[in-house]
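Here is how the chains run, residue by residue.
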Amino acid sequence: MTYSVLQQAAETRRSIYALNNTLPLSNEEVTKIIEHAVLHTPSSFNSQSARVVVLFGEEHAKVWHFVEEALRAVVPAEQFEATAQKLSLFKAGAATVLFFEDQDVVKGLQEQFPSYAANFPIWADQANAMVQYAVWTTLAAAGVGANLQHYNPLPDAAIAKEWNLPESWLLRAQMVIGGIAVPAGEKAFQPIEGRLKVFGA
């Protein structure tokens, strides 16, 4: 494998909002891709604190029902139509991948290494983001569309109750996946000169 293969996968990964419920892979293949990312993504102190829940079909739909219920409690009724339209895009997908951080692991490291205590929550989120990116990029390379959402903590309690998840699991992100109904548009880039500095080359 050449590095250009990884670069091409990175370029393929985009936020796809127009999804359908027809995946180009089997549910088992999608699960294997996610499993690989969870196993092989690095984490600080090899903490492996990321936790992932994959929900297909009707289980996927439940997530967005919980999000909608939570949002109806905080968004004014006269403004909810725009929110409902956005949620309908997520409901149209085939599955949702929920990303969590196990706070028991984080707290254990804080107790074991008190001089780094303040950093462990930051490092945990960084590692979790790498899991998200690994999942997203690999799925994109396989032709699966995805977008990443952050409605937590609004639906957290309902989600934890529905799937009987441990109290220590803190929800960090929700990834909607599905078939690509409409590809992403052209992406604009800020000038690299203001974003990257090189010395001593």
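Residues numbered from 1 in each chain as written. Predicted model: local features only at pLDDT ≥ 70, side-chain atom pairs only at ≥ 80, totals over all residues. Heavy atoms only, no water.

By the naming in an unreviewed UniProt entry, the protein chain is Nitroreductase domain-containing protein, taken from Neisseria mucosa C102.

Q: Describe in detail the overall build of the protein chain, supporting the description with residues and values.
A: Along its length, the protein chain carries seven helices and five strands. Along the chain direction, N to C, the helices and strands of the protein chain fall in the order α-β-α-β-α-α-β-α-α-β-α-β. Here the C-alpha atoms of the protein chain give a radius of gyration of 18 Å, agreeing with the 17 Å that 2.2 N^0.38 yields for 201 residues. Counting across all 201 residues of the protein chain, residues that qualify as buried make up 37%. (Helix = DSSP H or I, 4+ residues; strand = E, 2+ residues; numbered from the N terminus. Rg over C-alpha atoms; globule rule 2.2 N^0.38 Å. Buried < 20%, exposed > 50% of the residue type's maximum accessible area, 1.4 Å probe, protein only.)

Q: Residue-level account of empty space enclosed by the protein, with values.
A: The gaps of empty space that remain are located by a probe, the size of a water molecule, rolled over the atoms. Throughout the structure, instances matching the rule amount to one cavity of 30 Å³ or more. Ser-44, Ser-47, Ser-49, Val-105, Val-106, Leu-109, Phe-120 and Ala-124 are the residues that line the largest cavity. Those elements that place two or more of their residues in the lining of the largest cavity are helix 5 (103–112) and helix 6 (120–141). Ranked by residue count, the leading element in the lining of the largest cavity is helix 5, at three residues. (1 Å grid on protein atoms, 1.4 Å probe; cavity = no way out; pocket = protein on both sides within 12 Å on 5 of 7 lines; lining within 4 Å. Points joined across faces, edges and corners; volume = space filled by probe spheres on them.)

Q: Lay out the UniProt feature "domain: Nitroreductase" (unreviewed entry) in the protein chain with the relevant residues and their values.
A: Using the residue numbers shown here, the UniProt feature "domain: Nitroreductase" (unreviewed entry) corresponds to residues 11–178. Between the end C-alpha atoms of residues 11–178 there is a gap of 18 Å, over a span that is 49% helix and 19% strand. (UniProt positions renumbered as here; feature names shortened; annotations may be inferred.)

Q: Explain the environment of Pro-24 to me, and be specific about the residues and the numbers.
A: Topologically, Pro-24 is positioned in the loop between strand 1 (19–20) and helix 2 (27–40). Judged by its relative accessible area of 47%, Pro-24 is partly exposed. As for Pro-24 and Gly-179, which are separated by 155 residues in sequence, their C-alpha atoms are 6.4 Å apart.

Q: So what's going on with unusual backbone geometry? Residues and values would help.
A: The amide bond that connects Asn-152 to the next residue, Pro-153, takes the cis arrangement and shows omega of 10 degrees. Within the element layout of this structure, Pro-153 appears in the loop between strand 4 (145–149) and helix 7 (156–162). Backbone geometry at Phe-45 places phi at a positive 55 degrees, although glycine is not the residue there. Within the secondary structure, Phe-45 sits in the loop between helix 2 and strand 2 (50–56). The class for Phe-45 is partly exposed, based on a relative accessible area of 39%. With a phi close to 50 degrees, Asn-46 is a non-glycine residue in the positive phi region. With respect to the helices, strands and loops of the structure, Asn-46 is situated in the loop between helix 2 and strand 2.

Q: How would you explain a nonpolar patch on the surface if you had to name every residue and give the values?
A: Where nonpolar side chains cluster on the molecular surface, the patch consists of Met-1, Val-5 and Leu-6 and spans about 370 Å² of accessible area. Following the sequence through the fold, Val-5 ends up in helix 1 (residues 3–12). (Patch = residues over 30% accessible without salt bridge, like charges linked within 9 Å, V, L, I, M, F, W, Y side chains within 5 Å. Areas by Shrake-Rupley, 256 points an atom, 1.4 Å probe, with all protein chains shown as cover. Salt bridge = Lys/Arg side-chain N within 4 Å of Asp/Glu carboxyl O.)

Q: Help me get a handle on the packing of helix 3 (residues 57–72) against helix 4 (residues 80–91), residues and values and all.
A: Where helix 3 meets helix 4, the axes come as close as 10 Å, and the angle between the chain directions of the two elements is 165 degrees. One element, helix 3, and the other, helix 4, form an angle in the roughly antiparallel class. Read as a crossing pair, helix 3 and helix 4 show a hand that is right-handed. Contacts between helix 3 and helix 4 pair His-60, Trp-64, Val-67, Glu-68, Leu-71 and Arg-72 from the former with Phe-80, Thr-83, Leu-87, Phe-90 and Lys-91 from the latter. (Axes fitted to C-alpha atoms, helices over the stretch in contact; angles between N-to-C directions. Parallel < 35°, antiparallel > 145°, perpendicular 65-115°, else oblique. Left-handed = near helix turned anticlockwise from the far one by under 90°. Contact = heavy atoms within 4.5 Å.)

Q: Could you give an account of the layout of surface pockets, naming the residues involved and the relevant values?
A: There is about 230 Å³ of room inside the largest pocket. As for the largest pocket, its lining consists of Leu-6, Ala-9, Ile-33, His-36, Ala-37, His-40, Thr-41, Met-130, Tyr-133, Ala-134, Thr-137 and Thr-138. Mapped by element, the contributors of at least two residues to the lining of the largest pocket are helix 1, helix 2 and helix 6. Of the residues forming the lining of the largest pocket, the biggest block, five residues, is contributed by helix 6. Within the lining of the largest pocket, the residues separate by chemical class into seven nonpolar, five polar and no charged. (Nonpolar A, V, L, I, M, F, W, Y, C, P; charged D, E, K, R; others polar.)

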